[in-house]
Amino acid sequence: MRVLEVFGICVVALIALLFAIFFRARLFMLGGGTIRLQVRVSTMIPGRGWSTGIGRFHGDELRFYRMFSLAFRPKRVLDRADLVIEERRVPEGPERLTMPGHWIVLRLSTRGDQFDIAMAESTVTGFLSWLEAAPPGAPGSVAPRPAIHPRPIDY
(Lines give C-alpha, C1' and ligand atoms only; values in the text may rest on other atoms or scores of the structure.)
Protein backbone atom coordinates (compact mmCIF):
# COMPACT_ATOMS: atom_id res chain seq x y z
CA MET A 1 0.00 0.00 0.00
CA ARG A 2 2.88 2.36 0.76
CA VAL A 3 4.21 2.07 -2.82
CA LEU A 4 0.84 3.09 -4.28
CA GLU A 5 0.71 6.17 -2.06
CA VAL A 6 4.17 7.30 -3.17
CA PHE A 7 3.29 6.62 -6.82
CA GLY A 8 0.04 8.58 -6.47
CA ILE A 9 1.84 11.54 -4.89
CA CYS A 10 4.40 11.55 -7.72
CA VAL A 11 1.66 11.50 -10.38
CA VAL A 12 -0.20 14.37 -8.69
CA ALA A 13 3.04 16.36 -8.38
CA LEU A 14 3.83 15.80 -12.06
CA ILE A 15 0.37 16.93 -13.12
CA ALA A 16 0.64 20.01 -10.90
CA LEU A 17 4.06 20.84 -12.43
CA LEU A 18 2.72 20.55 -15.98
CA PHE A 19 -0.29 22.67 -15.06
CA ALA A 20 2.02 25.33 -13.55
CA ILE A 21 4.18 25.46 -16.70
CA PHE A 22 1.21 25.95 -19.03
CA PHE A 23 -0.52 28.37 -16.64
CA ARG A 24 2.68 30.49 -16.59
CA ALA A 25 2.70 30.61 -20.40
CA ARG A 26 -0.94 31.70 -20.47
CA LEU A 27 -0.17 34.44 -17.93
CA PHE A 28 2.47 35.90 -20.23
CA MET A 29 0.09 35.88 -23.19
CA LEU A 30 -2.76 37.64 -21.37
CA GLY A 31 -1.32 41.14 -21.54
CA GLY A 32 -0.89 41.12 -25.33
CA GLY A 33 2.24 42.05 -27.24
CA THR A 34 3.51 38.46 -27.27
CA ILE A 35 4.82 36.29 -30.08
CA ARG A 36 5.96 32.70 -30.43
CA LEU A 37 9.62 32.41 -31.25
CA GLN A 38 12.68 30.24 -30.84
CA VAL A 39 16.14 31.39 -29.76
CA ARG A 40 19.31 29.42 -30.35
CA VAL A 41 20.84 28.98 -26.91
CA SER A 42 23.66 26.63 -27.97
CA THR A 43 25.73 26.49 -31.15
CA MET A 44 27.85 23.46 -30.28
CA ILE A 45 26.05 21.23 -32.82
CA PRO A 46 25.14 22.90 -36.15
CA GLY A 47 21.38 23.23 -36.60
CA ARG A 48 20.62 22.31 -32.97
CA GLY A 49 20.29 24.19 -29.68
CA TRP A 50 16.95 25.92 -30.25
CA SER A 51 14.75 26.84 -27.29
CA THR A 52 11.03 27.40 -27.79
CA GLY A 53 9.45 30.29 -25.97
CA ILE A 54 7.40 33.43 -25.86
CA GLY A 55 8.67 36.87 -26.81
CA ARG A 56 7.06 39.82 -25.09
CA PHE A 57 7.45 43.39 -26.29
CA HIS A 58 7.99 45.79 -23.43
CA GLY A 59 8.80 49.30 -24.66
CA ASP A 60 12.20 49.19 -26.35
CA GLU A 61 12.86 45.61 -25.28
CA LEU A 62 11.89 42.18 -26.51
CA ARG A 63 11.97 39.78 -23.57
CA PHE A 64 12.33 36.06 -24.29
CA TYR A 65 10.78 33.62 -21.82
CA ARG A 66 11.42 29.89 -22.24
CA MET A 67 8.27 27.84 -22.75
CA PHE A 68 9.17 24.96 -20.46
CA SER A 69 10.52 26.86 -17.48
CA LEU A 70 9.03 28.01 -14.21
CA ALA A 71 11.15 31.17 -14.10
CA PHE A 72 9.30 34.48 -14.29
CA ARG A 73 12.46 36.32 -15.36
CA PRO A 74 13.27 36.43 -19.08
CA LYS A 75 16.05 34.21 -20.39
CA ARG A 76 17.21 36.94 -22.75
CA VAL A 77 16.41 40.65 -23.18
CA LEU A 78 16.95 42.26 -26.59
CA ASP A 79 17.26 46.04 -26.66
CA ARG A 80 15.93 47.64 -29.83
CA ALA A 81 18.69 50.27 -29.98
CA ASP A 82 21.45 47.63 -30.08
CA LEU A 83 19.94 45.13 -32.55
CA VAL A 84 21.19 44.74 -36.11
CA ILE A 85 19.85 42.12 -38.53
CA GLU A 86 22.74 40.49 -40.35
CA GLU A 87 21.00 37.64 -42.18
CA ARG A 88 17.54 36.35 -43.00
CA ARG A 89 17.06 32.76 -44.19
CA VAL A 90 14.79 29.72 -44.13
CA PRO A 91 15.54 26.83 -41.73
CA GLU A 92 18.26 24.50 -43.01
CA GLY A 93 19.27 20.92 -42.24
CA PRO A 94 18.21 19.73 -38.77
CA GLU A 95 16.47 23.06 -38.12
CA ARG A 96 13.68 22.00 -40.49
CA LEU A 97 12.78 19.22 -38.03
CA THR A 98 12.52 21.50 -34.99
CA MET A 99 10.45 24.36 -36.41
CA PRO A 100 7.57 24.78 -38.87
CA GLY A 101 8.44 25.28 -42.53
CA HIS A 102 6.94 28.78 -42.77
CA TRP A 103 9.33 30.13 -40.12
CA ILE A 104 12.24 32.47 -40.85
CA VAL A 105 15.62 32.46 -39.07
CA LEU A 106 17.15 35.86 -38.35
CA ARG A 107 20.78 36.29 -37.38
CA LEU A 108 20.96 39.27 -35.03
CA SER A 109 23.92 41.01 -33.53
CA THR A 110 24.29 43.36 -30.63
CA ARG A 111 27.41 44.93 -29.23
CA GLY A 112 29.88 42.04 -29.57
CA ASP A 113 27.27 39.25 -29.49
CA GLN A 114 25.67 37.26 -32.33
CA PHE A 115 22.69 34.93 -32.02
CA ASP A 116 19.82 33.48 -34.03
CA ILE A 117 16.10 33.77 -33.50
CA ALA A 118 13.31 32.13 -35.50
CA MET A 119 9.68 33.14 -35.88
CA ALA A 120 6.75 32.79 -38.27
CA GLU A 121 7.05 34.66 -41.53
CA SER A 122 4.02 36.81 -40.67
CA THR A 123 5.59 37.68 -37.31
CA VAL A 124 8.84 38.81 -38.95
CA THR A 125 7.01 41.73 -40.55
CA GLY A 126 5.77 42.96 -37.18
CA PHE A 127 9.19 42.39 -35.60
CA LEU A 128 10.90 44.43 -38.32
CA SER A 129 8.45 47.31 -37.97
CA TRP A 130 8.95 47.27 -34.17
CA LEU A 131 12.71 47.29 -34.72
CA GLU A 132 12.57 50.29 -37.06
CA ALA A 133 9.99 52.27 -35.10
CA ALA A 134 10.61 54.35 -32.03
CA PRO A 135 8.12 55.97 -29.68
CA PRO A 136 7.83 59.77 -29.79
CA GLY A 137 10.47 61.50 -27.71
CA ALA A 138 12.84 58.52 -27.74
CA PRO A 139 16.47 59.05 -28.76
CA GLY A 140 16.71 58.93 -32.54
CA SER A 141 13.04 59.66 -33.13
CA VAL A 142 11.90 62.86 -34.78
CA ALA A 143 9.77 65.01 -32.49
CA PRO A 144 6.78 66.62 -34.16
CA ARG A 145 7.14 70.32 -34.81
CA PRO A 146 4.71 72.57 -33.00
CA ALA A 147 2.13 74.19 -35.21
CA ILE A 148 2.87 77.83 -35.95
CA HIS A 149 -0.17 80.03 -35.91
CA PRO A 150 0.45 83.46 -37.45
CA ARG A 151 -0.77 86.45 -35.51
CA PRO A 152 -3.30 88.66 -37.17
CA ILE A 153 -1.82 91.96 -38.21
CA ASP A 154 -3.57 95.06 -36.88
CA TYR A 155 -3.61 98.03 -39.30
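Everything below is about the structure printed above this text.
Residues numbered from 1 in each chain as written. Predicted model: local features only at pLDDT ≥ 70, side-chain atom pairs only at ≥ 80, totals over all residues. Heavy atoms only, no water.

## A closer look at the sheet that holds strand β5 (residues 84–89)
Overall, antiparallel pairing links the seven strands, which are arranged β4-β3-β2-β1-β7-β6-β5 in an open sheet. If you trace the sheet from one side to the other, it starts and ends with β4 (76–79) and β5, each paired once. Across this sheet, the average inter-strand angle for adjacent strands is 30 degrees, counted without regard to direction. Where β5 meets strand β6 (residues 103–110), five bridges bridge the pair, whose relative direction is antiparallel. Counterpart to R89 in the pairing with β6 is V105. (Pairing = 2+ DSSP bridges. Helix = DSSP H or I, 4+ residues; strand = E, 2+ residues; numbered from the N terminus. Axes fitted to C-alpha atoms, helices over the stretch in contact; angles between N-to-C directions.)

## Quick look at the environment of F127
By secondary structure assignment, the location of F127 is in helix α3 (residues 121–132). Residues F127 and I35, spaced 92 residues apart in sequence, show a C-alpha to C-alpha distance of 9.3 Å.

## With respect to the pattern of salt bridges
Using the criterion set out here, one finds 11 salt bridges in the structure. Here E61 and R63 are joined by a salt bridge, their closest N and O atoms 2.9 Å apart. Looking at E61, the relative accessible area reads 25%, which means it is partly exposed. Using a relative accessible area of 23% as the deciding quantity, one classes R63 as partly exposed. Between R76 and D113 there is a salt bridge, with its nearest N and O atoms 2.5 Å apart. Of this pair, R76 sits in strand β4 while D113 sits in strand β7 (residues 113–120), and the two are 37 residues apart along the sequence. Its relative accessible area of 24% is what places R76 among the partly exposed residues. Looking at D113, the relative accessible area reads 30%, which means it is partly exposed. (Salt bridge = Lys/Arg side-chain N within 4 Å of Asp/Glu carboxyl O. Buried < 20%, exposed > 50% of the residue type's maximum accessible area, 1.4 Å probe, protein only.)

Keep in mind these numbers describe shape, not what the thing actually does.
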